[in-house]
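Analysis of the macromolecular model
Spelled out, the chains give:
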Amino acid sequence: MSKRHVPSDNCLICKGEQEIVVGIKERGPYERMHDYTRVLFCAACDVGELRSFSYDDFVVFGEEDDTMVWSSILVTEDVDRLRSAFACPVPLDHQCKCAQHVRGYDSSVKANKTLLPEYGPARHSPAGRSTVTIALVEGLVEFR
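Overview of the structure. (Residues numbered from 1 in each chain as written. Predicted model: local features only at pLDDT ≥ 70, side-chain atom pairs only at ≥ 80, totals over all residues. Heavy atoms only, no water.)

Looking only at helices and strands, the protein features 2 helices and 8 strands. Counted from the first residue to the last, the protein has its helices and strands arranged as β-β-β-β-α-α-β-β-β-β. Counting across all 144 residues of the protein, residues that qualify as buried make up 46%. Surface exposure of the protein reaches about 7700 Å², of which carbon and sulfur atoms provide 55%. (Helix = DSSP H or I, 4+ residues; strand = E, 2+ residues; numbered from the N terminus. Buried < 20%, exposed > 50% of the residue type's maximum accessible area, 1.4 Å probe, protein only. Areas by Shrake-Rupley, 256 points an atom, 1.4 Å probe, with all protein chains shown as cover.)

This part takes up the packing of aromatic side chains. Within the structure shown, the criterion is met by 1 aromatic pair. Relative to Phe-53, the ring of Tyr-36 has its centre 5.2 Å away and its plane inclined at 20°; by these criteria the two rings are stacked. Placement of the pair is Tyr-36 in strand β2 (residues 33-42) and Phe-53 in strand β3 (residues 47-56), with a sequence separation of 17 residues. For the cation-ring pair, Arg-38 lies above Tyr-36, with the distance from its terminal atom to the ring centre recorded as 3.5 Å. The positively charged end of Arg-83 is found above the aromatic ring belonging to Phe-41, 5.5 Å away from the centroid. (Phe/Tyr/Trp six-rings, centres within 6.5 Å; stacked < 30°, edge-to-face > 60°. Lys NZ or Arg CZ within 6 Å of the ring centre and 35° of its normal.)

Inspection of the entire model under this criterion finds 8 salt bridges. Among the ionic pairs, Arg-38 bridges to Asp-9, the shortest N-O distance being 2.6 Å. With a gap of 29 residues between them, Arg-38 in strand β2 and Asp-9 in the segment before β1 (19-27) connect regions that are remote in the sequence. Summarising the burial analysis for this pair, Arg-38 and Asp-9 share the class buried. Across the pair Glu-19 and Arg-83 runs a salt bridge, and its minimum N-O distance is 2.7 Å. With a gap of 64 residues between them, Glu-19 in strand β1 and Arg-83 in helix α1 (residues 76-85) connect regions that are remote in the sequence. Look at Glu-19 and you get partly exposed, because its relative accessible area is 37%. By relative accessible area, Arg-83 is classed as partly exposed at 37%. Look at the salt bridges and you will find they share partners, linking Asp-9, Glu-26 and Arg-38 into a network. (Salt bridge = Lys/Arg side-chain N within 4 Å of Asp/Glu carboxyl O.)

Below is the structure:
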């Protein structure tokens with residue numbers, strides 16, 4: 001994987017380092033493919049983020065970008081609720097297949113996220129970004 005395809009968990013607003021709160025799912029990194037979904041928190045901006053990253057070097061030219069990032073804002077209260085209610089003893093384990101990680105992934109796919117441009121100032125702007133919230137359903141956290 002070339003240097004430009006290495007994912008960054010830096011805040012899309014201030015570009016500072018973010019904490020990984022929950023590692024929902026990850027494949028790779030492999031030489032030609034890497035994707036993940038995780039929840040991040042930027043203490044400097046006091047904002048959380050549901051982020052999905054995808055790098056796929058198998059795409060046909062012009063079909064889609066080889067690197068794509070979808071993002072949605074989580075308010076601090078929802079990040080706090082996620083920390084306390086995520087029903088898995090290893091929330092950072094992207095490879096975990098427990099019911100909570102599966103529900104987290106399934107609901108994150110359905111959650112409204114904004115596809116961010118790969119380059120330019122719009123990538124680092126909260127304007128127009130979608131928001132998600134946390135719901136506890138039958139003892140498991142869901143993104144909505």
